[in-house]
Amino acid sequence: MPTLQRSPAPAHHLAVPVGVPAGAPAARASAIGRRPPRIGAITLTALVALYLAITQNAAFLKAVQASLPQPWGWEEWRLLATVFAVLLSLLFLALLPFAQRSTLKPGLIVMLLVSSVCSYFMDSYGVVIDRAMLVNVMSTDTREAGDLLRSAFVVHVLLQGVIPAWLVGRCAVPDRPALSSALRRAALALAVLVTLSVVFFVQYDDAVFWGRQHRDVRLYINPTYPLYSASQYLREAMPRGPQAPLLPVAPDAIRQSRQVGERPLLVVLVLGETARAANFQLNGYERPTNPRLSQLPELINFPRFSACGTATAESVPCLFSALGRSDFSRAKARAQENLLDVLQRVGVDVKWRDNDSGCQGVCARMGMESLERATDPALCTDGECLDGILLRDLDRLYPPAGAARLLVLHQKGSHGPAYFKRYPERARRFQPDCRDENVQRCSHQQVLNSYDNSLVYTDDVLADLIGSLRAQQQQMDSVVLYVSDHGESLGENGIYLHGLPYRLAPVEQTHVPMMAWFSSNAAGSLNLDLSCLRKASQTAYSHDNLFPSLLGLLDVKTRAYDAASDIFATCRH
């Protein structure tokens, strides 16, 4: 009987994938080449944590680097290595709960996409993604958002978020029993925590001292701090049952009405946007950014004025609140009346004209006139209007005889990054100016020129307003107050725009312009000594002073009025 011999297996023998005919080696090889790489859940989690630490936390590492004394020695390098190890460990621990087959890919993909979006704004503009910044983002209109979300943003998110997320999605993750997977994750978490404890023990004194001195660097950890901030924002924004009645402010307030036939009183509060005091000619800036206002001898400038926030969504409600910056929160402000409520209750007519992103809830109970989408061909293009629109048909807002009115004009001002959209051609005093929404593509001088041009146009609008009211000064007493909501960074120390937490914000974001103008008869009617006020203007003031100052100007009597905080009280007879 013949002996049967088994043919030797070829060296390239591999298992045939399901659905591929055994006799088709080319198809077999192609199918094998398309097979996704196999990688364990823990390994993939560690790789993503390393990727996030290296590529998405440049702002954090830059903040750490800036906190260390120069020149660096062995101690500084060791501390930097320790901080990086802590960063990597924290990111790994944050991702570890996802390290099971059912949640791994969705969790890692979300983290990659979120971190790429956050890193763009943190690296490009030097901002911090905290709760206040998210409030600011949610209150930004679509056109302002469009100025930020340009091609550079898309490319950044594509390269650093979408492609890594796609690679994660391509990986084949082997399944493990649930109990075994949970035990492995717990053991790894314990090992990481023990390692961190040993690292801290070795250099406890240096690490703890540095950590206490520089606690704010944690705000730059991406994406864990932005996600924590998002949870804070959502918790605050979520409805909590039936809304309680507003807490009354100054319920005892009264105001003596003017006599019929007496000249009416108009107080115009021009609420500037993103204007910083450092670039105002009236405050000593070397460039002529206030060419018309600087020619008004009756104008009173307040060079030492501070904002109570670094973003519109915080500073506008704070400005009209009785709380003051130290006690302010958006939740508290929403729960009680504000200055406009008090004035309206005592008979002062309140009007709000807006060319920006709204009144942030301040005028919710009296409404506003939004001019942002007006159709004036001389002032509006592409669905956006210049601030001159706020003065259109101004005469119809003059109060009748014997009445008092507060008129708030909310400007678009110098809102960035598209500063060039905030002024007309005639205000292009400083050139070459940046004509790009992505200010990083312009030189610092071009960005500065654009920003200063926007201030020149603000000067133009304010001078036109004062001119209109001066023409009515025999028939009406009028007061103009101008103050900006917050300032702006223009690339100093790599920081652009605004919205940093107040304790981290540079002075450019918190020092704002403030000025006052009184018609010829208004000072006498209000019993104000303007020469006294001109001297008092050198005192340091802030948004906190506006609540009592406006009560005083409009002659509102209440126990809530604080004369010591009224800018005009010391000069009132």
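The rules behind the values
Residues numbered from 1 in each chain as written. Predicted model: local features only at pLDDT ≥ 70, side-chain atom pairs only at ≥ 80, totals over all residues. Heavy atoms only, no water. Pairing = 2+ DSSP bridges. Helix = DSSP H or I, 4+ residues; strand = E, 2+ residues; numbered from the N terminus. Buried < 20%, exposed > 50% of the residue type's maximum accessible area, 1.4 Å probe, protein only. Axes fitted to C-alpha atoms, helices over the stretch in contact; angles between N-to-C directions. Parallel < 35°, antiparallel > 145°, perpendicular 65-115°, else oblique. Left-handed = near helix turned anticlockwise from the far one by under 90°. Contact = heavy atoms within 4.5 Å. Expected span 1.5 Å × (residues − 1). Bend = angle between axes of the 7 residues up to and from the residue. 1 Å grid on protein atoms, 1.4 Å probe; cavity = no way out; pocket = protein on both sides within 12 Å on 5 of 7 lines; lining within 4 Å. Points joined across faces, edges and corners; volume = space filled by probe spheres on them. Nonpolar A, V, L, I, M, F, W, Y, C, P; charged D, E, K, R; others polar. Phe/Tyr/Trp six-rings, centres within 6.5 Å; stacked < 30°, edge-to-face > 60°. pLDDT = per-residue confidence, 0-100. Core = buried A, V, L, I, M, F, W, Y, C linked by side-chain atoms within 4.5 Å. Disulfide = S-S within 2.5 Å.

Student: Would you explain the sheet that holds strand β9 (residues 404-410) in this entry?
Tutor: Two modes of strand pairing occur in sheets, parallel and antiparallel, and in both the strands are linked by backbone hydrogen bonds. One open sheet holds the seven strands; their spatial order is β3-β13-β10-β2-β9-β5-β6, and the pairing between them is mixed. Two strands close off the open sheet at either side, each with one partner strand: β3 (300-301) and β6 (369-370). Note that strand β5 (residues 349-354) and β9 share six bridges and pair parallel. From the neighbouring strand, aspartate 349 faces β9, where its bridge partner is arginine 405.

Student: Can you walk me through the pairing of strand β13 (residues 514-518) in this structure?
Tutor: For a regular strand, side chains alternate in direction, first toward one face of the sheet and then toward the other. For β13, the tally of buried residues reaches five of five residues, placing the bulk of the element in the interior. Here β13 shows a buried face lined by Met514, Ala516 and Phe518 and a second buried face lined by Met515 and Trp517. Both β3 and β13 contribute to a ladder of two bridges, which runs antiparallel. Bridging across to β13, isoleucine 300 finds its partner in alanine 516.

Student: Would you mind showing me how to read the environment of tryptophan 77 here?
Tutor: Along the chain, tryptophan 77 turns up in helix α4 (residues 74-95). Judged by its relative accessible area of 49%, tryptophan 77 is partly exposed. For the pair tryptophan 77 and proline 226, spaced 149 residues apart in sequence, the C-alpha to C-alpha distance is 27 Å.

Student: Please explain the packing of α4 against helix α9 (residues 178-202) as it appears in this structure.
Tutor: Describing two packed helices takes the angle between their axes plus the distance from one axis to the other. Contact pair α4 / α9: the axes reach a minimum separation of 11 Å and the direction vectors enclose 160 degrees. Classified by the interaxial angle, the pair formed by α4 and α9 is roughly antiparallel. Pair α4 / α9 crosses with left-handed handedness. Only Leu188, Ala189, Val192, Leu193, Leu196, Val199 and Phe200 of α9 make contact with α4, whose side of the interface consists of Thr82, Ala85, Val86, Ser89, Phe92 and Leu93.

Student: Looking at this structure, how should I read helix α8 (residues 151-170)?
Tutor: Counting along an α-helix, one turn takes 3.6 residues, and residues three or four places apart therefore face a common direction. The end-to-end C-alpha distance of α8 is 26 Å, a good match for the 28 Å that 20 residues give at a rise of 1.5 Å each. At leucine 158, α8 shows its strongest bend, of approximately 40 degrees. Along α8, the positions that sit buried rather than exposed are Phe153, His156, Val157, Gly161, Pro164, Ala165 and Val168.

Student: What is the right way to read the layout of surface pockets from this model?
Tutor: Considered as a void within the structure, the second largest pocket measures approximately 590 Å³ in volume. Here the element with the most residues in the lining of the second largest pocket is helix α5 (residues 104-125); it accounts for five residues. The residue inventory of the lining of the second largest pocket, partitioned by class, reads 19 nonpolar, five polar and one charged.

Student: Honestly, the packing of aromatic side chains in this entry has me stumped. Any pointers?
Tutor: Between two aromatic rings, the relevant description is the distance of the centres plus the angle of the planes. The final tally for this structure, using the stated rule, is twelve aromatic pairs. Geometrically, the ring pair formed by phenylalanine 121 and phenylalanine 153 is tilted, given 5.6 Å between the ring centres and 40 degrees between the ring planes. Taken as a pair, phenylalanine 121 in helix α5 and phenylalanine 153 in helix α8 lie far apart in primary sequence, 32 residues in all. The class of phenylalanine 153 is buried, set by a relative accessible area of 15%. Seen from their ring centres, tyrosine 419 and tyrosine 451 are 5.5 Å apart, and the 90 degrees between their planes marks the pair as edge-to-face. Of this pair, tyrosine 419 sits in the loop between β9 and α15 (444-470) while tyrosine 451 sits in helix α15, and the two are 32 residues apart along the sequence.

Student: Looking at this structure, how should I read the packing of helix α2 (residues 41-55) against α8?
Tutor: Direction vectors running N to C along α2 and α8 enclose 170 degrees, while the axes themselves pass 12 Å from each other. As far as their axial angle goes, α8 and α2 are roughly antiparallel. Here α2 contributes Leu44, Val48, Tyr51 and Thr55 to the contact with α8, which in turn contributes Leu159, Gln160, Pro164 and Val168. Tallied by class, the residues present in the contact of α2 with α8 amount to six nonpolar, two polar and no charged.

Student: What am I meant to see in the confidence of the model for the chain here?
Tutor: Close reading of the predicted structure is inappropriate where its pLDDT is low. Model confidence for the chain is summarised by a mean pLDDT of 88, while 91% of its residues fall at 70 or above. Scored below 50 in pLDDT, residues 1-22 makes eleven contacts in the model with residues more than four places away or belonging to other chains. pLDDT under 50 marks residues 27-32. Its contacts with residues more than four places away, or in other chains, come to ten contacts.

Student: Please explain the nonpolar core as it appears in this structure.
Tutor: Inside soluble globular proteins, nonpolar side chains tend to come together where they are buried. Membership of the largest hydrophobic core comes to 109 residues, with the highest contact counts inside it found for Leu44, Val268, Leu465 and Leu469. In terms of residue count, α15 provides more of this core than any other element does, twelve residues in total. Those residues within four positions of leucine 465 in sequence are excluded, and the remaining contacts are Val268, Val270, Leu391, Leu394, Leu409 and Val480. Listed in part, the 53 residues of the second largest apolar core include Ala253, Leu269, Met514 and Leu550.

Student: Explanation requested: the state of the cysteines in the structure shown.
Tutor: What we call a disulfide is simply a covalent bond connecting the sulfur atoms of a pair of cysteines. By the definition in use, this model includes four disulfides. Disulfide pairing is shown between cysteine 380 and cysteine 385; the S-S distance is 2.0 Å. Linking cysteine 380 and cysteine 385, the disulfide has an S-S dihedral of approximately 100 degrees and is accordingly described as right-handed. Judged by its relative accessible area of 12%, cysteine 380 falls in the buried class. Each sulfur in the disulfide pair cysteine 532 and cysteine 571 lies 2.1 Å from the other. The sign of the S-S torsion, about -75 degrees, decides the handedness of the disulfide formed by cysteine 532 and cysteine 571: left-handed. One end of the pair, cysteine 532, is in helix α18 (residues 530-536); the other, cysteine 571, is in the segment after β15 (556-557), with 39 residues separating them in the sequence.

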